[in-house]
Amino acid sequence: MDKSTVSSYSARRSNGRVVKSSPPTPLPTATPAGTLVDTRGRPLRDLRISVTDRCNFRCTYCMPKEVFGSRYHFLPQAEVLSFEEIARLAGLFVTQGVHKLRLTGGEPLVRKNVEGLIELLAQLCTPDGEPLDITLTTNGSLLERKAKALAAAGLKRVTVSLDALDDTIFQRMNDVGFPVHKVLAGIDAAQAAGLGPIKVNVVVKRGTNEQEILPIARRFRGTGITVRFIEFMDVGSTNGWRMTEVLPGAEVIRLLQSEFPLVPLEATAPGETAERWGYAGADGRHDPALGEVGVICSVTHPFCGACNRARLSTDGKLYLCLFANHGHDLRALLRGGAPDEAIQGAIAGIWQGRTDRYSELRASLPPDHGPSEKRIEMSYIGG
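The rules behind the values
Residues numbered from 1 in each chain as written. Predicted model: local features only at pLDDT ≥ 70, side-chain atom pairs only at ≥ 80, totals over all residues. Heavy atoms only, no water. Helix = DSSP H or I, 4+ residues; strand = E, 2+ residues; numbered from the N terminus. Buried < 20%, exposed > 50% of the residue type's maximum accessible area, 1.4 Å probe, protein only. Contact = heavy atoms within 4.5 Å. Areas by Shrake-Rupley, 256 points an atom, 1.4 Å probe, with all protein chains shown as cover. Pairing = 2+ DSSP bridges. Salt bridge = Lys/Arg side-chain N within 4 Å of Asp/Glu carboxyl O. pLDDT = per-residue confidence, 0-100. Core = buried A, V, L, I, M, F, W, Y, C linked by side-chain atoms within 4.5 Å. Axes fitted to C-alpha atoms, helices over the stretch in contact; angles between N-to-C directions. Parallel < 35°, antiparallel > 145°, perpendicular 65-115°, else oblique. Left-handed = near helix turned anticlockwise from the far one by under 90°. Disulfide = S-S within 2.5 Å. Phe/Tyr/Trp six-rings, centres within 6.5 Å; stacked < 30°, edge-to-face > 60°.

A.B. asks: Hey, could you run me through the overall build of the protein chain in this one?
C.D. replies: Across its full length, the protein chain holds 12 helices and 12 strands. Burial status across the protein chain gives 55% buried among its 383 residues. For the protein chain, long-range pairs separated by at least 24 residues make up 75% of all intrachain contacts whose partners lie at least 6 apart in sequence. Counting every atom, the protein chain has about 16,300 Å² of accessible surface; 52% of that belongs to carbon and sulfur.

A.B. asks: Help me out: how do you make sense of the sheet that holds strand β6 (residues 226-231) in this one?
C.D. replies: Sheets are built from strands paired through backbone hydrogen bonds, the pairs being either parallel or antiparallel. Read across the sheet, 12 strands follow the order β7-β8-β9-β6-β5-β4-β3-β2-β1-β10-β11-β12 without closing on themselves; strand pairing throughout is mixed. Of all the strands in the sheet, just β7 (262-264) and β12 (328-329) have a single pairing partner and so form its edges. With 5 bridges connecting them, strand β1 (residues 46-50) and strand β2 (residues 100-104) associate as parallel partners. Following the sheet pairing, D46 is matched in β2 by K100.

A.B. asks: I tried to follow the pattern of salt bridges on my own but got confused; where do I start?
C.D. replies: Proximity of charged atoms lets side chains of opposite charge pair with each other. One pass over the structure, following the stated rule, counts 13 salt bridges. K65 is the salt-bridge partner of D175, the closest N and O atoms lying 4.0 Å from each other. Taken together, the positions of D175 in the loop between α5 (167-174) and α6 (180-192) and K65 in the loop between β1 and α2 (83-95) put the pair 110 residues apart, joining distant regions of the chain. R157 is the partner of D133 in a salt bridge, and the nearest nitrogen-oxygen pair spans 2.7 Å. With a gap of 24 residues between them, D133 in strand β3 (residues 133-138) and R157 in strand β4 (residues 157-161) connect regions that are remote in the sequence.

A.B. asks: How should I be thinking about the side chain of T138 in this particular structure?
C.D. replies: You can see T138 is positioned in strand β3. Apart from the residues lying within four places of it in its own chain, the contact partners of T138 are E107, L109, L143, T159, V160 and S161.

A.B. asks: What is the right way to look at unusual backbone geometry in this model?
C.D. replies: Peptide bonds are trans in most cases, and residues, glycine excluded, mostly fall at negative phi. The omega angle of the peptide bond from G105 to G106 is 20°, so this bond is cis rather than trans. Here G106 lies in the loop between β2 and α3 (114-122).

A.B. asks: Please clarify how the environment of A90 should be interpreted in this entry.
C.D. replies: As for its position among the elements, A90 is in helix α2. Given the relative accessible area of 0%, A90 is considered buried. The spacing of A90 and L124 is 34 residues in sequence and 8.4 Å in space, taken between C-alpha atoms. Among residues more than four places away in sequence, those in contact with A90 are L47, I49, L101, L121 and L124.

A.B. asks: Just to check I follow, could you spell out the environment of E130 for this structure?
C.D. replies: Tracing the backbone through its elements, the reader meets E130 in the loop between α3 and β3. Overall, E130 belongs to the partly exposed group, its relative accessible area being 46%.

A.B. asks: What should I look at first to understand the confidence of the model for the protein chain in this one?
C.D. replies: Any residue range with low pLDDT should be treated as having predicted coordinates unsuitable for detailed reading. Counting all residues, the mean pLDDT for the protein chain is 86, and 85% of those residues have values of 70 or more. Between residues 1-33, whose pLDDT stays under 50, and residues either more than four places distant or in other chains, the model counts 65 contacts.

A.B. asks: When you look at the nonpolar core in this model, what are you seeing that I'm missing?
C.D. replies: One recurring pattern in soluble globular proteins is that nonpolar side chains are buried together. Membership of the largest hydrophobic core comes to 113 residues, with the highest contact counts inside it found for F229 and L256. With 8 residues, α2 is the largest single contributor of residues to this core. Residues within four places of F229 in sequence aside, it is in contact with V202, V204, I213, I216, V252, L256, V293, G294, V295 and I296.

A.B. asks: Where do I start with the packing of helix α7 (residues 213-220) against helix α8 (residues 249-257) in this structure?
C.D. replies: Helices that pack against each other are described as a pair by the angle of their axes relative to one another and the distance between those axes. In the contact formed by α7 and α8, the axes pass within 10 Å of each other and the chain directions differ by 60°. When the axes of α7 and α8 are compared, the pair comes out oblique. Our pair here, α7 against α8, has a crossing hand that is right-handed. Contacts from I213, L214 and A217 in α7 reach V252, L255 and L256 in α8.

A.B. asks: Whenever I open this one, the state of the cysteines confuses me. Can you help?
C.D. replies: Note: disulfide means a covalent bond formed between the sulfur atoms of two cysteine side chains. Counted according to the given criterion, the structure contains 0 disulfides. Not engaged in a disulfide, the cysteine C62 finds its nearest cysteine sulfur in C59; these two sulfurs lie 6.5 Å apart. A relative accessible area of 16% means that C62 is categorised as buried.

A.B. asks: Would you mind showing me how to read the pairing of strand β8 (residues 275-279) here?
C.D. replies: Side-chain direction in a regular strand flips from residue to residue, so the side chains alternate between the two faces of the sheet. In terms of residue burial, β8 counts as a mostly covered element, since 4 of its 5 residues are buried. The pairing of β8 with strand β9 (residues 292-296) spans 4 bridges and is classified as antiparallel. Directly across from W277, in β9, lies its bridge partner V293.

A.B. asks: I keep staring at the packing of aromatic side chains and nothing clicks. Help me out?
C.D. replies: Think of a pair of aromatic rings as described by two things: how far the centres are apart, and how the planes are tilted against each other in angle. In this structure the tally under the stated criterion is 5 aromatic pairs. An angle of 50° between the planes, with centres 5.3 Å apart, marks the rings of F57 and F178 as tilted. One end of the pair, F57, is in the loop between β1 and α2; the other, F178, is in the loop between α5 and α6, with 121 residues separating them in the sequence. By relative accessible area, F57 is classed as buried at 3%. Owing to a relative accessible area of 15%, F178 belongs among the buried residues under this scheme.

Structure, rendered in structure tokens:
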């Protein structure tokens, strides 16, 4: 990406009114370069970018309809980062050690012409000239229509959320009556477009969809698509989280092993969130042709100690944890005319002061506790 493109940004206004923003992040006096580490020695490697706080689903564990209904006020357009602003910030994060960019939401594919953003991001590379790992998490509802254009724009792979194959359960969980066959068609289209390896994420709630674990595993075993079962988490303040609804990942693995021989696999990269298990062949060893499955155990087996992820919200705030209750305003720096070096310094200062480890601390809290402070919702910050 040329310097003029990366450095450009647009300060948007709504009906001529300047939109108020939070006070700008204080700038440190030094601007470190290269890989950053926080107070626990965790490097910054992964940036998750929420491109919209809107979604066309109302999943009960993320955007319950009784909260995110017709009267809910989403961010006005003037407060949302432009594609040029996102690309500029992403480029600055890359200079600080980020190798992976994941686009999230809300539902990222509802943002108009998101392919244009992917084209900008695909022009970025690491300081040593390596291409970035650019991926996107989606509910799959628009994927059949968008897959070819996303691949052509430079997207590498996708992760699709799919909580059930049974249509009744699936529609009840997405709470908008969206049929599961359209998501499956989107997965097929993504695979045909070369967006891979594809991952399928399944949020498991005890008493809601645990009966779908084996059918989903059967459906994708041997297809080259990896399924990851995710423990129901207490993200935000509106999803009615209760510990009694958490199905531990260890139970998921025991259920899978009742039908499929599994062998543990090593992590593919530092900071990987999923515990990997390979389907075994007749010789008892992992058969790559059969693929693998994973569990993400943020509740019962926290992985804070290796977390290398930062999150950029739709309106340009930097969050250091999925369970955060406040962010750091980078948009104010962008629109206030701060040079790249100053924004790099702000990013460095924020990350180097990071102490977050909520999932580790959760274990010491009483069961069914509610958040002591209002936390950021997943639909705003991304998963």
